[in-house]
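Tertiary structure, described
Next come the chains, spelled out residue by residue.
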Amino acid sequence: MLKKIVLDLETQKSFQEVGGRGKNHLLKISVACIYDYSTDKYSSFEEHELAKLAPILQTADQIIGYNIKDFDFEVIQPYLNFDIFKIPYLDLLEEIEKVLRHRIKLDVLAQGTLGSGKTGSGLEALLFYKNGRMDLLKKYCLDDVKITKQVYDYAMRNGKVLYKDFFKTKEIALQLADAVPRLGVMHQAALF
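Residues numbered from 1 in each chain as written. Predicted model: local features only at pLDDT ≥ 70, side-chain atom pairs only at ≥ 80, totals over all residues. Heavy atoms only, no water.

The subject of this paragraph is the sheet that holds strand E4 (residues 62-65). Reading across from one edge, E3-E2-E1-E4-E5 is the order of the five strands in this open sheet, with mixed pairing throughout. A strand with exactly one partner marks an edge of an open sheet, and here the two such strands are strand E3 (41-46) and strand E5 (89-91). Strand-to-strand, the axes of this sheet are offset by a mean angle of 25°, without reference to chain direction. One ladder, built from seven bridges, connects strand E1 (residues 4-11) with strand E2 (residues 29-36); its direction is antiparallel. Note that in E2 the partner of Ile5 across the bridge is Asp36. Its contacts with the sheet put helix H1 (residues 50-58) on E1, E2, E3 and E4, and the angle it makes with E2 is roughly 40°. (Pairing = 2+ DSSP bridges. Helix = DSSP H or I, 4+ residues; strand = E, 2+ residues; numbered from the N terminus. Axes fitted to C-alpha atoms, helices over the stretch in contact; angles between N-to-C directions. Contact = heavy atoms within 4.5 Å.)

So, in structure tokens, the structure goes:
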């Protein structure tokens, strides 16, 4: 089974707090959540647990996410001792932008493709962190991972995704290449 990882993370700081956009590496991670296709499990990692997440990402055949190249990867890179940009990845936002020539929010894509949207916003996630509500923060982040996984699965099955454009539902044809096993990467099948 391929080790495909769906990744999403939340930050400790807002763009305002670090001096604007383009300084993603200063945002610091509050929580990172994944879905691992090889184990069929969802997991969450607080900042102090990221050493457990690093080898999972480093040995992935592919990392899947929404805006991961320009956001999540830049935020997580300072925590890693390897270049995450060298791991094969599939950024759904990047693929959609190639077709539409503009960006759309994950919430808009989820509403069109899945019939329901996100459970909150990034600003709420910041408040959860600042108020010490890690339970709510993890739930929010895991919900985003689930939505991203469901949209990805839909696209792989159907060769398209849907999105809401005001009152119309529109279709985006997406031909996503599936992951391939990475040579030289050891995958542990089972402990016993």
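There's plenty left to go through after this.
Here strand E6 (residues 160-165) runs beside strand E7 (residues 168-173); their pairing, made up of six bridges, is antiparallel. Counterpart to Asp165 in the pairing with E7 is Lys168. Hairpin connection, E6 to E7: the antiparallel pair is bridged by two residues, and Phe166 has positive phi, about 60°.

What follows deals with the pairing of E1. Of all eight residues that make up E1, eight are buried, and the element is covered over most of its length. Alternating residues of E1 divide into Lys4, Val6, Asp8 and Glu10 and Ile5, Leu7, Leu9 and Thr11, and every residue in both groups is buried. Examined bridge by bridge, E1 and E4 share three bridges and lie parallel to one another. Looking at E4, one finds that Ile5 is bridged to Ile63. (Buried < 20%, exposed > 50% of the residue type's maximum accessible area, 1.4 Å probe, protein only.)

This model, assessed by the stated rule, comprises six aromatic pairs. Where Phe73 meets Phe85, the ring centres are 5.5 Å apart and the plane angle is 85°; that geometry is what we call edge-to-face. Here Phe73 is found in helix H2 (residues 68-76), whereas its partner Phe85 is found in the loop between H2 and E5, with twelve residues between them in sequence. Note on Phe73 and Tyr89: the rings are 5.7 Å apart at their centroids and 75° apart in plane angle, and the pair reads as edge-to-face. Of this pair, Phe73 sits in helix H2 while Tyr89 sits in strand E5, and the two are 16 residues apart along the sequence. An aromatic cluster of at least three residues, connected via ring pairs, comprises Tyr35, Tyr37, Tyr42 and Tyr152. The ring of Tyr37 has Lys4 lying over it, and the distance from NZ or CZ to the ring centre is 4.9 Å. (Phe/Tyr/Trp six-rings, centres within 6.5 Å; stacked < 30°, edge-to-face > 60°. Lys NZ or Arg CZ within 6 Å of the ring centre and 35° of its normal.)

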